[in-house]
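# Observations on the model geometry
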Amino acid sequence: MRFVESPDNPAYRQLRRLCQSGRERRKTGFSVLDGMHLLTAYEERFQKVRELFVSEAARDKPEIAAYLAAAAGIKQTVLSERLFEDLGLVDTPTGIVGLINTPVPAAGPDAQGDAVLLDGVQDPGNLGSILRSAAAAGFRQVLLSADCAQAWAPKTLRAGQGAHFQTVIHENQDLCAFLAGYGGKAAVTCLGAQGDLFDADLRGPVAWVFGSEGQGVRPAVLALTNAPLAIPMPGGSESLNVAAAAAICLFETVRQRR
């Protein structure tokens, strides 16, 4: 285990770039997992992480110390408190991060099975929350348009709470092409829809489409859906946060299938 306190250390500089730059993550194929929960969730599904970085203060915490001892074969670096805080991951650092190879789908999207399609969801917190709901509801494939937030950004990973490792995430997808060949029901929530979510039949394969926070689903994508639905809102609100709407729709699908 080595100790680093200089911001000019090459390994630290790369780690900081990976924490802060989506371009760097795409270029290298690496992502950063922040905290014990994400590290253990990743290792339950995949292999061990590539490399570990821990702060001076955190390395003696019982849970982290035990984890580091069990990962003795993995390269480990202790960072000074200042360097760890300068990674800029969270206001209250967890004290440990791991470097991984970003998971890549083994095959393309399945045009016959359940899916969640996200059209321009740009807030990492919303994206991570939707992934979390999709995983919990049993939707295993998620397709992201090119203008979505990056799925493997630290803020998205944090909001997903391990959902990334229970789903197959397809980034930079042509949602129109997928919907044009989709064999099930393409459902979407939108203002003015005549269909009622709770009256729709969602027992067969369904691709749920959710749009950006400000503009909703693009017209070209909307035109390829065949089940426009409204979420009943007797309280008088005009709309819901996209992550809340997605959770309602996905779990109405679960309810019907039970």
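I will try to describe carefully the structure that is included in this document. (Residues numbered from 1 in each chain as written. Predicted model: local features only at pLDDT ≥ 70, side-chain atom pairs only at ≥ 80, totals over all residues. Heavy atoms only, no water.)

## Considerations on the environment of aspartate 196
Looking at the element boundaries, aspartate 196 is found in strand E10 (residues 195-196). Here aspartate 196 falls in the partly exposed class, since its relative accessible area comes to 28%. For the pair aspartate 196 and proline 228, spaced 32 residues apart in sequence, the C-alpha separation works out to 8.6 Å. Excluding residues within four positions of it along the chain, aspartate 196 makes contact with Leu229, Ala230 and Pro232. There is a polar contact of 2.8 Å between the side chain of aspartate 196 and the backbone nitrogen of phenylalanine 198. (Helix = DSSP H or I, 4+ residues; strand = E, 2+ residues; numbered from the N terminus. Buried < 20%, exposed > 50% of the residue type's maximum accessible area, 1.4 Å probe, protein only. Contact = heavy atoms within 4.5 Å. Polar contact = N/O pair within 3.5 Å; in protein donor to acceptor, adjacent residues only side chain to side chain.)

## Concerning the sheet that holds strand E3 (residues 51-55)
Where strands meet in a sheet, backbone hydrogen bonds hold them as pairs that are either parallel or antiparallel. Ordered by their spatial adjacency, five strands build an open sheet running E1-E4-E3-E5-E2, and the pairing between neighbours is mixed. The sheet terminates laterally at strand E1 (2-4) and strand E2 (30-34), the two strands that pair on one side only. Strand-to-strand twist of the sheet, defined as the mean angle between neighbouring strand axes without regard to direction, takes the value 25 degrees. Relative to strand E5 (residues 96-101), E2 runs antiparallel, the two sharing five bridges. (Pairing = 2+ DSSP bridges. Axes fitted to C-alpha atoms, helices over the stretch in contact; angles between N-to-C directions.)

## Re the sheet that holds strand E6 (residues 115-119)
Spatially, the seven strands line up as an open sheet ordered E8-E7-E6-E11-E9-E12-E10, and their pairing is parallel. Whereas interior strands pair on both sides, the edge strands pair on one side only; in this sheet they are strand E8 (168-170) and E10. Both E6 and strand E11 (residues 206-211) contribute to a ladder of five bridges, which runs parallel. Bridging across to E11, aspartate 119 finds its partner in glycine 211. The sheet contacts of helix H6 (residues 124-137) involve E6, strand E7 (141-144) and E8, and relative to E6 the element is tilted by about 170 degrees. Most of the contacts of helix H10 (residues 242-257) go to E11, to which it runs at about 165 degrees, and overall it touches E6, strand E9 (185-189) and E11.

## Let's talk about the packing of aromatic side chains
Tallied over the entire structure, the rule returns six aromatic pairs. Seen from their ring centres, tryptophan 152 and phenylalanine 165 are 6.0 Å apart, and the 35 degrees between their planes marks the pair as tilted. With tryptophan 152 in the loop between E7 and helix H7 (154-160) and phenylalanine 165 in the loop between H7 and E8, this pair connects stretches of sequence that are 13 residues apart. Of the two residues, tryptophan 152 and phenylalanine 165, neither departs from the other in class, the shared state being buried. Counting every residue linked through ring pairs, the aromatic cluster contains Tyr42, Phe46, Trp152 and Phe165. (Phe/Tyr/Trp six-rings, centres within 6.5 Å; stacked < 30°, edge-to-face > 60°.)

## Notes on the pairing of strand E4 (residues 75-79)
With respect to burial, E4 is a largely interior element, four of its five residues being buried. Note: E1 against E4, three bridges, orientation parallel. Bridge pairing in E4 links valine 4 to leucine 79. Sheet topology note: the E3/E4 ladder contains five bridges and is parallel.

## Comments concerning the pattern of salt bridges
Evaluated as defined, the whole model comprises nine salt bridges. The salt bridge involving glutamate 51 is made with arginine 2; its shortest N-O contact spans 3.6 Å. Within this pair, whereas glutamate 51 is found in strand E3, its partner arginine 2 is found in strand E1, the two being separated by 49 residues in sequence. A salt bridge links glutamate 24 to arginine 17; the shortest N-O distance between them is 3.6 Å. (Salt bridge = Lys/Arg side-chain N within 4 Å of Asp/Glu carboxyl O.)

## Focus: the pairing of strand E12 (residues 227-230)
Only one face of E12 is buried, namely the one carrying Ala227 and Leu229, since none of Pro228 and Ala230 on the opposite face is buried. Note: E9 against E12, three bridges, orientation parallel. Its bridge partner being in E12, alanine 187 is matched across the sheet by alanine 227. Across two bridges, E10 lies against E12 in parallel orientation. Bridge pairing links aspartate 196 to alanine 230 in E12.

## Re the state of the cysteines
A disulfide bridge is the covalent bond that connects two cysteines by way of their sulfur atoms. Scanning all chains against the criterion turns up zero disulfides. The thiol of cysteine 190 is not disulfide-bonded; the next cysteine sulfur, from cysteine 249, is found 11 Å away. Given a relative accessible area of 23%, cysteine 190 falls into the partly exposed group. (Disulfide = S-S within 2.5 Å.)

All we've got here are geometric facts, nothing functional implied.
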